[in-house]
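Structure at a glance
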There are 2 protein chains.
Amino acid sequence: MNITESTLSIFALGGINEIGKNMYVLQYGDDIILIDCGAKFPDETLLGVDLIIQDISYLQKNKNKIRALLVTHGHEDHIGGIPYLLKQLSIPVYATNLTLGLITLKLKEHGLLRATELKMINADSNIEAGAMNVTFFEVNHSIPDCLGIAIHTPEGTVVHTGDFKFDLTPINGRYPDFYKLAKIGNRGVLLLLSESTNAESPGFTQSERIVGEHIEDAFRKADQKIFISTFASNVYRVQQIINAAVKTNRKVALLGRSMVNIVSVAAELGYLTIPDGTLIEANEINRMAPDEVVIICTGSQGEPMAALSRLSTSNYRQASVVAGDTVILASSPIPGNEKSVSHIIDNLFHLGAKVIYGSGSTSGMHVSGHAFQEELKLMLTLLKPTYFIPIHGEYRMLQQHRTLAESVGLKSENIFIINNGDVVDITNSVATQTRRVQAGNVFVDGLGIGDVGKIVLRDRKLLSEEGMLIAVVTLAKMDCKIISNPHIISRGFVYERAAEDLYNEVNQLVITIVNQSQRSNGDKRNELKHNLKKAIENLLYTQTKRRPMILPFIIEI
Amino acid sequence: MNITESTLSIFALGGINEIGKNMYVLQYGDDIILIDCGAKFPDETLLGVDLIIQDISYLQKNKNKIRALLVTHGHEDHIGGIPYLLKQLSIPVYATNLTLGLITLKLKEHGLLRATELKMINADSNIEAGAMNVTFFEVNHSIPDCLGIAIHTPEGTVVHTGDFKFDLTPINGRYPDFYKLAKIGNRGVLLLLSESTNAESPGFTQSERIVGEHIEDAFRKADQKIFISTFASNVYRVQQIINAAVKTNRKVALLGRSMVNIVSVAAELGYLTIPDGTLIEANEINRMAPDEVVIICTGSQGEPMAALSRLSTSNYRQASVVAGDTVILASSPIPGNEKSVSHIIDNLFHLGAKVIYGSGSTSGMHVSGHAFQEELKLMLTLLKPTYFIPIHGEYRMLQQHRTLAESVGLKSENIFIINNGDVVDITNSVATQTRRVQAGNVFVDGLGIGDVGKIVLRDRKLLSEEGMLIAVVTLAKMDCKIISNPHIISRGFVYERAAEDLYNEVNQLVITIVNQSQRSNGDKRNELKHNLKKAIENLLYTQTKRRPMILPFIIEI
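Residues numbered from 1 in each chain as written. Chains lettered and ligands numbered in written order. Predicted model: local features only at pLDDT ≥ 70, side-chain atom pairs only at ≥ 80, totals over all residues. Heavy atoms only, no water.

For chain A, the helix and strand inventory stands at 15 helices and 26 strands. The dimensions of chain A, computed from C-alpha atoms along their principal axes, are 90 × 70 × 45 Å. When burial is assessed residue by residue, chain A has 59% of its 557 residues classed as buried. In chain A, of all internal contacts separated by at least 6 residues, the share reaching a separation of at least 24 is 71%. By element, 48% of the accessible surface of chain A is carried by carbon and sulfur atoms, the whole surface being about 22900 Å². For chain A, the distance from the average site of its 54 positive side-chain charges to the average site of its 59 negative ones is 4 Å. (Helix = DSSP H or I, 4+ residues; strand = E, 2+ residues; numbered from the N terminus. Buried < 20%, exposed > 50% of the residue type's maximum accessible area, 1.4 Å probe, protein only. Contact = heavy atoms within 4.5 Å. Areas by Shrake-Rupley, 256 points an atom, 1.4 Å probe, with all protein chains shown as cover. Lys, Arg positive; Asp, Glu negative; His and termini not counted. Charge placed at Lys NZ, Arg CZ, Asp CG, Glu CD.)

Dropping the structure here:
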């Protein structure tokens, strides 16, 4: 299919499902709008990978058409890829005040700040992008200053919700704008892209406000130091912690680089109200009476180098958790982090701390920032889209979101569950999904972008499970006689000193195989290498039932 | 402290907390009783380890004193270590009919069946073990034929609950024996060891019976094939699945080795009632009409080689999941398995299956086999022990169990939270914890038991994160001149073909370093090796910000 000028095309380079992080592309004719550019931290199967970003080949080929990058909010999975994108392409970035503040932190780190065109927007902004016109609406989420996006194209209006929930008692008094949403819906929405993170959760999320009440209660009960850990970017929660500290006559210290950075950006831009004299430096903690201080720290997801983890092993210079202190985890472990978070809780109990924790909202110290089922249905009902693409969730969540959409009256055939790179084309109000563009994950490892691929990861996995054994043997080029006895070393296989006999056997085997190959004429080096590999593999497997990576080296002189 | 004849000593070689699996030791004078001998599958941090068992040094030193191994029930974490124990020590094994059946499967695999003395017991058995006398009581759990143990010693009675819940409507009609428990309590319990798996969960577990009702409902709604996955050892659930299949006129096929093995043992020993003609072979599935068959399969924990995982990727020879089939996960992921289970659910949705799943009891397809808080308090109240050791849980769960015990009136100073190897000694009714015996984890990797230790695992981790680079250089012994140019290879570091320039630089660097070392006199080979390692490390880190393991080889001829 060719894209004609009157075709509206929508696809994701990341963010339809959890493989790859948020980046959506809207193209109408020669105009392209990008929404979000996130990054994702790898799970434990991606050995040694630092960050996952998107394959932007399509954008590189069409760079002259890109009019704008619109950013819905300042979370890592929506802004983390921006520096890598801007290193390749020059695109103006549109975002709200706080979001721009957080993007700025990143661009500074990467030395990209000067070269980037940053444009501040708010819910009332209106952007022209070629044949398209963009308006916005505010949404509630676990970070302030979040936008949903309505893109008005000649084919019709496309709405992208961003991450959202409906918080009817929001901390910042910015109530959901139902009128604006209903008005957009009333004028007609061609296509809705709505997030699916909590599509499996029945009901309606609780308000962030209840967390504040629980925090204040816990503060009133504590008679020693209070440590409380949460996402640094959850400015509402940080505000509520500060409020509770002020009410209970405690000073507040911040531990962890991202906590210090984000709080300072948020305070500077007016998103946090911190009474003068409330904040103290980390090195003042030990000079305060225990019942006069609250320590807000990073590491609520069990990150091993963050403040909470180091506190739990008494490994933080400026502060320590002692028996009787209160430690609050105002968070819920993201799937995959359960074990490291549990481990930290165990360690805190070992120190004698009163630990307040609990999955989901059971402790009252956490509520989700993502819409539950009734809210997802509410969004669908307000906007009444013709077509619907559930985004941002694992496949089963997209399916659940589909079921929810059907339950509020959307036609099954008008719902597209697609993968990153699958294109939905809309012409004359008819949507089809028949073609793909290049999309996928790119791994960042150290300075390398995209140079760690399947083969390297496969080798890392092999090495990690059984280790390796190296055998070096030096031969005379002329007659293939062994000049220097084989050298055998291993790593990650067996403890070398305990395996002397096994090593001697390998040594002897190498000599035997090399001598055999001398007798049979015409042996090539690669064949000898192969024979050595196979023979050593067999010997080791028989003796140990393990299969380390075998690396034979033949040096010919 | 010396153990005198009148001291009762209790400790665990595994199973007090989640590090290491169940094995408890009771010693009175010259008589030792062992309770359970489990094994644990490693988590992803123990790279390449197959199984974790206990350090049994203490038992080897005291082998003449061991009178019996008592086994509470047939789960892996209570019987998995038995073959490894019996390879070292000859001990009579006491267990119930089904438990012995499952132990027998293991002993056969290890060729140990003939040499082992197996003794069948039941709740009415009475065992003399030196100065001690042992009686039993039945408990409910997620496998039939479970026992709690009461060991009557001259110091008093020690009760070990085993794994338990109170199921007031049990599938097999074997109601909790409150009278027997209360009688033991009334006669006086010196020490209780009670399991803590669900000490964080408020309330009372639901009965296994409700799972049966939900299964039957789901079966009635299904109009094609039904796949249902559960632990093979949950014989009650397998029975309820078979009952529902019979009621809805479906035949039953079993997929997965452990499902076939355990069902056949359970049926043979009378723990399963399967009407004639109900079971069909796996290769008959495709000959049946889709609405005439139920397939019970292994893999409910996301194990990659088990039936459910292979079905989810259409990779099972005798059966396949097609659009419209129903797949039920009658299980809840064990912490750490969430992601692999979710991945399977995603794949099943991709195949178009109706997937019924849910964490905890939200789907109605799973209930826990471990006592919740009210049941733990009930056990404590029935037995009214003087001393209490919470066992079998992570540290925070042991702490929660301590709080529960205090809430029902136990004295705080009479509760011991200990680690594996910590000994509680009781003399003249006074308990103290001051000494330790050797205890710890032993890793099984292939045929090796205990030969994979910290160094090997550290190397595997290093290799897994950044890979490695090997540089081999051959020198003349006489003048240290390079005879053969350096050979450089890497694995798991960068994709070799893409990194030619980097390799050339390393090559050049090796030559430079070797030449420098020739000029400075007295250089030793180890020093040269060290210099090569450092120089290559620096070069690679500067160029790539990665730190692969560097292995320099110097061959002197």
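Now that the structure is up, let's keep going.
Let's shift gears to the relation of the copies chain A and chain B. The two copies are related by a screw motion: chain A maps onto chain B through a turn of 180 degrees and a shift of 0.1 Å along the axis, at an RMSD of 0.1 Å. Such a combination of rotation and displacement between the chain copies is what one expects of a two-fold axis. Within chain A, S464(A) has its C-alpha nearest the rotation axis, a separation of 2.3 Å. A high fraction, 100%, of the interface residues of chain A reappear at the interface in chain B, so the copies pair face to face through one surface. (Least-squares fit on C-alpha atoms with pLDDT ≥ 70 in both.)

As a further point, take the pattern of salt bridges. Applying the stated criterion across every chain, the model contains 51 salt bridges over all chains. Close ionic contact of R67(A) with D31(A) constitutes a salt bridge, the shortest N to O distance being 2.6 Å. Taken together, the positions of R67(A) in strand β5 (residues 66–70) and D31(A) in strand β3 (residues 31–35) put the pair 36 residues apart, joining distant regions of the chain. We classify D31(A) as buried; its relative accessible area is 11%. We note a salt bridge from R396(B) to E394(B), for which the minimum N-O separation is 2.9 Å. Here R396(B) falls in the buried class, since its relative accessible area comes to 6%. When salt bridges with common partners are traced through the structure, they connect E200(A), E394(A), R396(A) and D346(B) into a single cluster. (Salt bridge = Lys/Arg side-chain N within 4 Å of Asp/Glu carboxyl O.)

The next thing to look at is the sheet that holds strand β26 (residues 549–556) of chain A. Strand pairing in a sheet is mediated by backbone hydrogen bonds. Such pairs are either parallel or antiparallel. All names here are of chain A. Read from one edge of the open sheet, 3 strands run β25-β24-β26, paired in mixed fashion. Of all the strands in the sheet, the pair left with one neighbour each is β25 (482–491) and β26. Geometrically, the sheet is characterised by an average inter-axis angle of 10 degrees between neighbouring strands, direction not taken into account. As defined by bridge partners, strand β24 (residues 468–475) adjoins β26 across 8 bridges and the pair is classed as parallel. Bridge assignment links M468 to a residue of β26, and that residue is M549. (Pairing = 2+ DSSP bridges. Axes fitted to C-alpha atoms, helices over the stretch in contact; angles between N-to-C directions.)

It is worth spelling out the sheet that holds strand β22 (residues 441–445) of chain B at this point. Taken together, 3 strands build an open sheet; the order of strands is β4-β22-β23 (chain B) and the sheet is antiparallel. With one partner strand each, in any of the chains shown, β4 (51–54) and β23 (448–449) of chain B form the two edges of the open sheet.

All names here are of chain B. As a packed pair, helix α11 (residues 373–383) and helix α12 (residues 395–407) sit with axes 9 Å apart at the nearest point and diverge in direction by 55 degrees. Between α11 and α12, the crossing angle belongs to the class labelled oblique. α12 is crossed by α11, and the crossing has right-handed handedness. Only H401, L404, A405 and S407 of α12 make contact with α11, whose side of the interface consists of Q373, L376, K377 and L380. Its residues assigned to classes, the contact of α11 with α12 comprises 4 nonpolar, 3 polar and 1 charged. (Parallel < 35°, antiparallel > 145°, perpendicular 65-115°, else oblique. Left-handed = near helix turned anticlockwise from the far one by under 90°. Nonpolar A, V, L, I, M, F, W, Y, C, P; charged D, E, K, R; others polar.)

Time to look at a nonpolar patch on the surface. On the surface, I483(A), I483(B) and I557(B) cluster together into a nonpolar patch covering about 210 Å² of accessible area. Secondary-structure assignment places I483(B) in strand β25 (residues 482–491). (Patch = residues over 30% accessible without salt bridge, like charges linked within 9 Å, V, L, I, M, F, W, Y side chains within 5 Å.)

This brings us to unusual backbone geometry. Not every positive phi belongs to a glycine, and N428(A) is a case in point at roughly 50 degrees. Relative to the elements of secondary structure, N428(A) occurs in the loop between β20 (422–427) and β21 (430–436). Since its relative accessible area comes to 62%, N428(A) is described here as exposed. Positive phi, normally seen in glycine, also occurs at N249(B), with a value near 60 degrees. Along the chain, N249(B) falls in the loop between α7 (235–247) and β14 (251–255).

Contacts between the two partners involve 61 residues from chain A and, on the opposite side, 61 residues from chain B. Buried surface at the junction of chain A and chain B, summed over both partners, amounts to about 5100 Å²; 63% is from carbon and sulfur atoms. When residues of chain A are sorted by the area they lose upon contact with chain B, Y395(A), R396(A) and F553(A) head the list and together hold 11% of the total. Along the contact surface separating chain A from chain B lie 16 residue pairs in polar contact (both at pLDDT 80 or more). When contributions to the side of chain A that touches chain B are tallied by element, the ones reaching two or more residues are α10 (338–350), α12 (395–407), α13 (454–466), β24, β25, α15 (525–544) and β26 of chain A. For the side of chain A that touches chain B, the leading source of residues is α13(A), giving 8 residues. (Buried area = accessible area lost by both parts, 1.4 Å probe. Polar contact = N/O pair within 3.5 Å; in protein donor to acceptor, adjacent residues only side chain to side chain.)

One broad trend across soluble globular proteins is that nonpolar side chains are buried collectively. Residues L34(B), L59(B), L85(B), F219(B) and I296(B) are the most contacted members of the largest nonpolar core, which totals 85 residues. It is α7(B) that provides the largest number of residues to this core, a total of 6 residues. When neighbours within four sequence positions are excluded, L85(B) is seen to be in contact with M23(B), L34(B), C37(B), I56(B), L59(B), L69(B) and I91(B). V263(A), I296(A), L383(A) and L410(A) belong to the second largest nonpolar core, which has 83 residues in total. (Core = buried A, V, L, I, M, F, W, Y, C linked by side-chain atoms within 4.5 Å.)

Residues and elements named next belong to chain B. Counting through the fold element by element, T96 comes out in the loop between β6 (93–95) and α4 (97–109). T96 gets classed as buried once you look at its relative accessible area, which sits at 3%. For T96, the side chain forms a polar contact with the side chain of T99, separated by 2.9 Å.

All names here are of chain A. For helix α8 (residues 257–268), with 12 residues, the first-to-last C-alpha span of 17 Å sits near the 16 Å given by 1.5 Å per residue. Taken as a whole, α8 has its buried residues at M259, I262, V263, V265 and A266. Angular distribution of buried residues about the axis of α8 spans 165 degrees; they occupy a single face of the element. Away from its buried face by more than 90 degrees, α8 exposes R257 and E268. In this structure, the buried residues of α8 make contact with α4 (97–109), α7 (235–247), β14 (251–255) and β16 (293–297). Following α8 by one or two positions, G270 adopts a phi angle in the positive range, close to 85 degrees. (Expected span 1.5 Å × (residues − 1). Arc of directions from axis to C-beta.)

Right, let's talk about the packing of aromatic side chains for a bit. A full pass over the atoms with the stated rule returns 10 aromatic pairs over all chains. Pairing F11(B) with Y58(B) gives two aromatic rings, centres 5.1 Å apart and planes at 85 degrees, and the pair type is edge-to-face. In this pair, F11(B) is assigned in strand β1 (residues 8–14) and Y58(B) in helix α1 (residues 57–61), connecting sequence segments 47 residues apart. Y58(B) carries the same exposure label as F11(B), and that label is buried. Ring centres 5.6 Å apart and planes at 75 degrees place the aromatic pair F164(B) and F166(B) in the edge-to-face group. Here F164(B) falls in the buried class, since its relative accessible area comes to 0%. Each member of the aromatic cluster is reached from another via a ring pair, and the members are F164(A), F166(A) and F178(A). Geometry around Y541(A) places R547(A) over its ring, the cationic atom sitting 3.9 Å from the centre. (Phe/Tyr/Trp six-rings, centres within 6.5 Å; stacked < 30°, edge-to-face > 60°. Lys NZ or Arg CZ within 6 Å of the ring centre and 35° of its normal.)

Side chains three or four residues apart in an α-helix point the same way, a direct result of the helix having 3.6 residues per turn. Counted at 1.5 Å a residue, the expected span for helix α10 (residues 338–350) of chain B with its 13 residues is 18 Å, and the 18 Å between its end C-alpha atoms agrees. Among the residues of α10(B), E338(B), V341(B), S342(B), I344(B), I345(B), D346(B), N347(B), L348(B) and F349(B) are the ones counted as buried. Tucked into the core, α10(B) has its buried residues touching α10 and α12 of chain A together with α9 (307–312), β17 (326–329) and β18 (354–356) of chain B. Taken from the residues just after α10(B), G352(B) is the one with a positive phi, measuring 90 degrees.

We now examine the packing of helix α6 (residues 208–221) of chain A against α7(A). Residues and elements named next belong to chain A. It is the contact of α6 with α7, at a shortest axis distance of 9 Å, that shows an interaxial angle of 35 degrees. Regarding α6 and α7, the two cross each other, and that crossing is right-handed. Contact with α6, carried on its side by E208, R209, V211, G212, I215, E216, F219 and R220, involves Y236, R237, Q240, I241, A244, A245 and K247 of α7 and no other residues of that element. Residue composition of the contact of α6 with α7, grouped by class: 7 nonpolar, 2 polar and 6 charged.

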